[in-house]
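Now for the letters of each chain:
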Amino acid sequence: MKQILVIAEIFKGRIRPVTWELVAGARKIAAILSQTRNIPGKHLPCIQIIVPSDNPKPLAEKISEQTGNAVIGLQIPGFKTYTSDIYIDCLGQLIREMTPTHILAAHTSQGRDFAPGLALELNAASISGINHIRFDETGLFYSRPVLDNTKNMLVRPDPDRPVMLTLMPGVFKPDSHKKGKTKQVDILKISFGSDACENSRIQPTKILKRPCENQALKGAKIIVAAGRGVEKKENLELISRFADCFSSSAVGASRPLVDMGWIGYEHQVGITGTIVAPEVYIACGISGSSQHIAGMKDTKCVISINKNPTAPIFRHSDICITADVLEFIHAFLTLPDPV
Ligand SMILES: Cc1cc2nc3c(=O)[nH]c(=O)nc-3n(C[C@H](O)[C@H](O)[C@H](O)COP(=O)(O)OP(=O)(O)OC[C@H]3O[C@@H](n4cnc5c(N)ncnc54)[C@H](O)[C@@H]3O)c2cc1C
């Protein structure tokens, strides 16, 4: 039977929540395959979740309970800290014995690190950073961002070989966590010498903390966030003045502004910045990349100001203002006080 494999994201012995998104992505692929190939129910591709760990049993049982899918706990003796070397070796050994059509991992620092190498090991196709799964009469194809996230490219893999996919976090909504029927949990011990981890070509040394999340941003009810559309660093003063018009507010920013040194990392909203969920998020000159949206998608009301009426951020906004953001804020700041 054809299998869709999901590689659970485990870090420091814990299941990372993106694992539930991968399961949702796998279910979407299974549903499309059964629809397009007209596969009767009992021949539906089966979803199996692989949990690599030195002690996978408790994690595998939890995942099975949470998802109702079959889980394989891949026991890697002596495994303490993730490295791509170990993952590629151990997952390669396991998956070579299986017949997957699709292998799913998260497009996180971990998934991005091992997925292409694992694809190579398995002679599979590899598509990374998927933000949309599509299909037509000839089968499945995928959309992934290109050209610095300004466009999406549609990619169709060779249907006759397995494909390794990394799914962008924040795109596939996890199914509600109903504790379902626990399915089969198998624990497989990989043949891997107990000193193999020590002899791995990559030795993790230390994990350093990144600058901490911005508590001001986390606690703010209103966030005014600046993007590349503010055009120059000096215009951030205008954004601050705009934010000051609201109580319990803070200034956020998209990543390019941080990368260009215009504003500190503690202001960055997004998948590699702070994840926020304020009452109101005012996006000023932000295009709406999936990495930015992942950081503010739980906002109650999103207001976007963008001069491009087709900017993707408008698809995630409750109020869309098509305007030059600098002109808009100038006009707002000079409005007479209400009498
Ligand atoms: C692994 C990875 C992680 C990432 N993590 C993050 C993250 O955590 N957070 C994040 O933000 N990004 C992140 N990015 C970057 C992300 O892909 C985008 O490049 C970034 O979000 C785009 O920022 P932007 O919207 O400010 O700029 P752009 O995409 O350049 O958009 C600028 C927008 O401003 C509009 N505009 C221009 N001039 C004006 C004007 N005068 N008035 C009004 N509108 C105007 C334009 O129409 C455009 O829509 C990540 C990328 C990768 C690969």
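Residues numbered from 1 in each chain as written. Predicted model: local features only at pLDDT ≥ 70, side-chain atom pairs only at ≥ 80, totals over all residues. Heavy atoms only, no water.

Let's shift gears to the packing of aromatic side chains. In the structure shown here, the tally under the stated rule is seven aromatic pairs. Joined through ring pairs, the aromatic side chains of Phe-79, Tyr-82, Tyr-87 and Phe-114 make up one cluster. (Phe/Tyr/Trp six-rings, centres within 6.5 Å; stacked < 30°, edge-to-face > 60°.)

It is worth spelling out the pairing of strand E11 (residues 163-167) at this point. Residues in a regular strand project their side chains so that they alternate between the two faces of the sheet. Across the five residues that make up E11, a large majority, five, are buried. Here E11 shows two buried faces, one formed by Val-163, Leu-165 and Leu-167 and the other by Met-164 and Thr-166. By the bridge criterion, five bridges tie strand E6 (residues 100-106) to E11 in an arrangement that is parallel. Each bridged residue has a counterpart across the sheet, and for His-102 the counterpart in E11 is Val-163. As paired elements, strand E7 (residues 125-130) and E11 share four bridges and run parallel to each other. (Buried < 20%, exposed > 50% of the residue type's maximum accessible area, 1.4 Å probe, protein only. Helix = DSSP H or I, 4+ residues; strand = E, 2+ residues; numbered from the N terminus. Pairing = 2+ DSSP bridges.)

Taken together, three strands build an open sheet; the order of strands is E8-E9-E10 and the sheet is antiparallel. Every other strand in the sheet has two partners, leaving strand E8 (132-136) and strand E10 (151-155) as the edge strands with one partner each. Between one strand axis and the next, the sheet turns through 35 degrees on average, direction left out of account. Where strand E9 (residues 139-146) meets E10, five bridges bridge the pair, whose relative direction is antiparallel. Note on E10: the bridge partner recorded for Ser-143 is Leu-154. Across the sheet, helix H1 (residues 18-36) is in contact with E8 and E9; its angle to E8 comes to roughly 0 degrees. (Axes fitted to C-alpha atoms, helices over the stretch in contact; angles between N-to-C directions. Contact = heavy atoms within 4.5 Å.)

All right, on to the packing of H1 against helix H2 (residues 57-67) then. Contact geometry for H1 and H2: axes closest at 12 Å, N-to-C directions at 50 degrees. It follows from the interaxial angle that H1 and H2 lie oblique. For the pair H1 and H2, the sense of crossing is right-handed. Between H1, through Thr-19, Trp-20, Val-23 and Arg-27, and H2, the contact on the second element is made entirely by Ile-63, Gln-66 and Thr-67. Within the contact of H1 with H2, the residues separate by chemical class into three nonpolar, three polar and one charged. (Parallel < 35°, antiparallel > 145°, perpendicular 65-115°, else oblique. Left-handed = near helix turned anticlockwise from the far one by under 90°. Nonpolar A, V, L, I, M, F, W, Y, C, P; charged D, E, K, R; others polar.)

Moving on to the side chain of Asn-131. Within the element layout of this structure, Asn-131 appears in the loop between E7 and E8. What makes Asn-131 buried here is its relative accessible area of 14%. A distance of 2.6 Å separates a polar atom in the side chain of Asn-131 from a polar atom in the side chain of Ser-143. (Polar contact = N/O pair within 3.5 Å; in protein donor to acceptor, adjacent residues only side chain to side chain.)

We now examine the nonpolar core. Taken as a class, soluble globular proteins show a tendency for nonpolar side chains to be buried jointly. Residues Ile-29, Leu-91, Ile-95, Phe-114, Leu-118, Met-164 and Leu-165 are the most contacted members of the largest nonpolar core, which totals 61 residues. When residues in this core are grouped by element, the largest group, 10 residues, is from H1. With residues near it in sequence (within four places) discarded, Ile-29 still touches Ile-4, His-102, Leu-104, Ile-133, Leu-140, Tyr-142 and Leu-165. By size, the runner-up hydrophobic cluster in this structure holds 23 residues, among which are Ala-253, Ile-263, Ile-303 and Val-325. (Core = buried A, V, L, I, M, F, W, Y, C linked by side-chain atoms within 4.5 Å.)

Note that Ser-254 resides in the loop between strand E14 (249-253) and helix H7 (255-259). Residue Ser-254 is classed as buried on the basis of its relative accessible area of 8%. With sequence-adjacent residues up to four places away left out, Ser-254 is seen in contact with Ala-226, Gly-227, Arg-228 and His-292.

In this model, H1 (19 residues) spans 27 Å end to end at C-alpha, consistent with the 27 Å of a helix rising 1.5 Å per residue. Within H1, 14 of the 19 residues are buried, which leaves it mostly tucked inside the rest of the structure. (Expected span 1.5 Å × (residues − 1).)

Here we come to the state of the cysteines. Any covalent bond linking the sulfur atoms of two cysteines counts as a disulfide. Enumeration over the complete set of coordinates arrives at zero disulfides. With no disulfide of its own, Cys-284 has Cys-245 as its nearest cysteine by sulfur position, at a separation of 11 Å. Summary of cysteine pairing: Cys-320 is not part of a disulfide, and the nearest cysteine sulfur, belonging to Cys-301, is at 10 Å. Looking at Cys-320, the relative accessible area reads 42%, which means it is partly exposed. (Disulfide = S-S within 2.5 Å.)

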